[in-house]
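Observations on the three-dimensional arrangement
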Amino acid sequence: MNKAKRAAIIAGNWKMNMTPSAAKEAVAKTAELVKDADCGVVLCVPFVDIAVAAEAAKGTNVKIGAQNVHFKESGAYTGECSAAMLLEVGAEYVIIGHSERRQYFGETDETVNLRTKAALAAGLKVILCLGEVLEERQAGITAEIVSMQTKLDLAGISAEDLKNVIIAYEPVWAIGTGLTATPEQAEEVCAIIRSVVAGLYGQAAADAMTIQYGGSMNDGNAKELLSKENVDGGLIGGASLVPEKFAVIVSAAR
Ligand code: PEP
């Protein structure tokens, strides 16, 4: 099975939670609980927490990520951070295109693509989020939507750079709602995304790509979701704020 050859990665998305002092404690606690993990472990934290989180994660198997990055290197972009800034304070990963950024902050596939290119050029690993909204699922166009997003978001990205991209399939209706896609729904869409990647980059690249599921994954449902052939890990929001729950999800990713 190709699944065994791919890196399984469980990433937490803390969203706008945790002050730096709380982050220091939560990273240390999480790192202790996941020290025997069989998979990659990433915590994507608010910008102001990155330095302290990276310090707390030193010498552990936890990597630190940001939740967004701008596509310019510097300039008059109030409120934004560049990839070089994130790297310098200790981020190795960055989430791009999260549905909350798309919904509330006007993120489009075009800006997602620009941000992804800038992050990869600077040496960050990207967790690229995409997924359908409820109306699209109900209209039966999930496959079309995720295929289009995959193509637009990856436009112009080389096969070499693709090695540093993880795709997180996150049905918008399942994020922070307590509604989870069934393991079969998650598998179906992750497989569709992989087939689109195969069409763009070839089967070997698609077989090697880590594709996560995200959307109300928790300590109770992770095992079944993660057992699916095309689900290589998870992007975890709410449950990543509780180290004990997050650690159960990490241990389910074997
Ligand atoms: C997320 O923020 O990417 C996410 C999946 O959130 P939750 O797990 O809370 O649904």
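Described in the following lines is the structure provided in the data block. (Residues numbered from 1 in each chain as written. Predicted model: local features only at pLDDT ≥ 70, side-chain atom pairs only at ≥ 80, totals over all residues. Heavy atoms only, no water.)

Description of the pattern of salt bridges
Where charged atoms from two side chains of opposite charge approach closely, those side chains can pair. Under the defined criterion, the tally for this structure stands at 15 salt bridges. With a shortest N-O distance of 2.9 Å, D153 and R102 are connected by a salt bridge. Of this pair, D153 sits in helix α7 (residues 142-153) while R102 sits in helix α4 (residues 99-104), placing them 51 residues apart in sequence. On the basis of relative accessibility, which here comes to 0%, the residue D153 falls in the buried class. Notably, a salt bridge pairs K228 with E184, separated by 3.6 Å at the nearest N-O pair. One end of the pair, K228, is in the loop between α11 (222-226) and β8 (233-236); the other, E184, is in helix α9 (residues 183-201), and 44 residues separate them in sequence. The class of E184 is partly exposed, set by a relative accessible area of 47%. (Salt bridge = Lys/Arg side-chain N within 4 Å of Asp/Glu carboxyl O. Helix = DSSP H or I, 4+ residues; strand = E, 2+ residues; numbered from the N terminus. Buried < 20%, exposed > 50% of the residue type's maximum accessible area, 1.4 Å probe, protein only.)

Examining the sheet that holds strand β3 (residues 62-66)
With respect to topology, eight strands assemble into a closed barrel ordered β1-β2-β3-β4-β5-β6-β7-β8, the strand pairing being parallel. Between one strand axis and the next, the sheet turns through 25 degrees on average, direction left out of account. Two strands pair when backbone bridges link them, and strand β7 (residues 211-214) and β8 are joined in this way by three bridges, in the parallel orientation. Bridging from a neighbouring strand, Q212 pairs with G233 of β8. Running over the sheet, α7 touches β5 (125-130) and β6 (165-169) and is turned about 150 degrees from β5. (Pairing = 2+ DSSP bridges. Axes fitted to C-alpha atoms, helices over the stretch in contact; angles between N-to-C directions. Contact = heavy atoms within 4.5 Å.)

By themselves, these observations are geometric and do not establish any function.
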